[in-house]
Amino acid sequence: MIFLSLLALGLGFSQFFDTNDPDAYINSKFADVALVGGLAIVILLLVFSLVDVKKRLRSLNRDYGRLAADTKRDVLTGALNRETFVSTAKSALATHGKKKFFALFLIDVDHFKQINDTYGHPAGDSVLVFVAEQLRLHFPGASVGRLGGDEFAVLIEHSDPITGKWAKGLCAEFAAGLAQKVNLGTQRLTVSASIGIALAPFHGRTWSSLFTNADMALYASKKGGKACSTLFQEEMLTDIRNEKALVRELRAAILLRHLRVAYQPIVDADGQLVAFEALLRWRHALRGVIPPDVFIPVAERALMIGEIGNYVLRQVCEDLAELPDVAVNINLSANQISMPDLKQKLLDILAQTQTEPRRVVLEITESASLAANKRIAGQISALQDVGFKIALDDFGMGYSEFNQLRALPYDVIKIDKSYICALGTDHVTDVFVSAVVEIARRSGKFVVAEGIETKDDLLRASAAGCDRFQGYYFGKPVFLEDIPASRLDYNPQTADEAEQAVAKQA
């Protein structure tokens, strides 16, 4: 059509300027009509083209807007991505910080790595989507962002002061929403989260100060057992500094070999020594004795637990020459078991100290049992295959369950002392211990009763079917040089007879 219009225009112009043609008048009229028609067609086409261009521009703008919006949000959860959330928070604090009040919530999904390892990454994705939905539901109108991994953040802006009580109330409602569980196919998984809270302007006026203080509060929630919310307090600054100092001193103690190993006996039904448990002790030059339940969690958080585990194994291997020919139990944490090079590191230490694997029993702690999956079970089986014995420690404590007896390879079950103390007084405890003993007996495994402190404890545990015993009744943990020869083969019956003989002589 453009070509025909241009052709008509050309014809019109040629005829218009051709004065020698006898039909000039007629041609000029024709040329006028052709010129007007051609111009009309060209103008019409230009109008249509302009309309089409505008329509295309609007479509491109919409596509660009959608693309820009997509780049601002996390693809999986629909929450703002880290860059956008931080930018939004900084802008809001800078613009309205003097006139409005803010609450920043930092949220970490509890045990998320274990969920991924146990159920797979698709299940982990479902959990993240579920958490994001609950955040939007229980923090309406707030900015919700995913900072990365299993970390989320929520920023609330309000014209009235925000109290800690109100903020923690929102967290409680959110926790109740998480407790509804997330569907994973045929399973329903309980989800919990640790939360740190900081309020502006009370805990900071800038993004940097508010985030730092909320992060410290989150750290306190994790340290306090997770599945809770914590409001920032000034004392946390001191706690963080103290822990950082303790980490530095712990590194120095490892380097200078100031950590020591104490040994507690494990005996059989006749009171004969069958094993020791190696327990780490730290006597600080200025702080005095620092209990393991203080410095071990610090080592876990500082990612030093693998280094400490290797330290203990090396010390035990060096002490074995002076100990009787029995096995020594050494604790492994969940972090250690998840290390891919664990077996090789342990074997390297045994080779360097010329120690046989049969002399070492690796105790799997409850946190490691909770992380049980095919990969973890494979790691433990590989340790068994090279000669290590495996003990399930603190069985029955917290979340331990019978399914772990099928999921994890083991040689020994150690029943938590809380069950031993309740034997004979609680029917559920009696049934539980009897069931564990029967499973072990049918599998050809040993059962160790922990926390034997009196003769009555020993009698109840024996009656329940336990065949090995550990506790203060047989001896407290002591250093190598403090173990008397008589305690290396301790027999409570002989001890009772000796006490009676002394009493008669008196």
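Described in the following lines is the structure provided in the data block.

Thoughts on the pattern of salt bridges
In step 1: Applying the stated rule across the entire model yields 18 salt bridges.
In step 2: A salt bridge links Arg301 to Glu243; the nearest nitrogen and oxygen atoms lie 2.9 Å apart. Within this pair, whereas Arg301 is found in helix α9 (residues 292-301), its partner Glu243 is found in helix α8 (residues 235-256), the two being separated by 58 residues in sequence.
In step 3: Residue Arg301 is classed as partly exposed on the basis of its relative accessible area, which comes to 33%.
In step 4: When its relative accessible area of 10% is taken as the criterion, Glu243 is described as buried.
In step 5: Two residues, Asp325 and Arg358, come together in a salt bridge whose shortest N-O distance is 3.4 Å. Pair noted here: Asp325 is in the loop between α10 (305-319) and β11 (327-332) and Arg358 is in the loop between α12 (342-353) and β12 (360-364), with a separation of 33 residues, a long-range link.
In step 6: Residue Asp325 is classed as exposed on the basis of its relative accessible area, which comes to 54%.
In step 7: Taken together, the salt bridges that share partners define one network made up of Glu277, Glu363, Lys414 and Glu450.

Some words on the packing of helix α4 (residues 112-119) against helix α5 (residues 121-138)
In step 1: Where α4 meets α5, the axes come as close as 6 Å, and the angle between the chain directions of the two elements is 140°. In terms of orientation, α4 and α5 fall into the oblique class. In this structure, α4 uses Phe112, Ile115, Asn116 and Tyr119 to contact α5, whose residues at the interface are His121, Ala123, Gly124, Val127 and Leu128.

Regarding unusual backbone geometry
In step 1: A cis geometry characterises the amide bond from Ala200 onward to Pro201, with omega recorded as 15°.
In step 2: Checked against the element boundaries, Pro201 lands in the loop between β6 (193-200) and α7 (207-223).
In step 3: You will see that Lys226, though not glycine, has its phi angle at about 70°, which is positive.
In step 4: Look at Lys226 and you get partly exposed, because its relative accessible area is 32%.
In step 5: In this structure, Leu303 takes a positive phi of about 60° despite not being glycine.
In step 6: Note on placement: Leu303 falls in the loop between α9 and α10.

Cut-offs used in this document
Residues numbered from 1 in each chain as written. Predicted model: local features only at pLDDT ≥ 70, side-chain atom pairs only at ≥ 80, totals over all residues. Heavy atoms only, no water. Salt bridge = Lys/Arg side-chain N within 4 Å of Asp/Glu carboxyl O. Helix = DSSP H or I, 4+ residues; strand = E, 2+ residues; numbered from the N terminus. Buried < 20%, exposed > 50% of the residue type's maximum accessible area, 1.4 Å probe, protein only. Axes fitted to C-alpha atoms, helices over the stretch in contact; angles between N-to-C directions. Parallel < 35°, antiparallel > 145°, perpendicular 65-115°, else oblique. Contact = heavy atoms within 4.5 Å.

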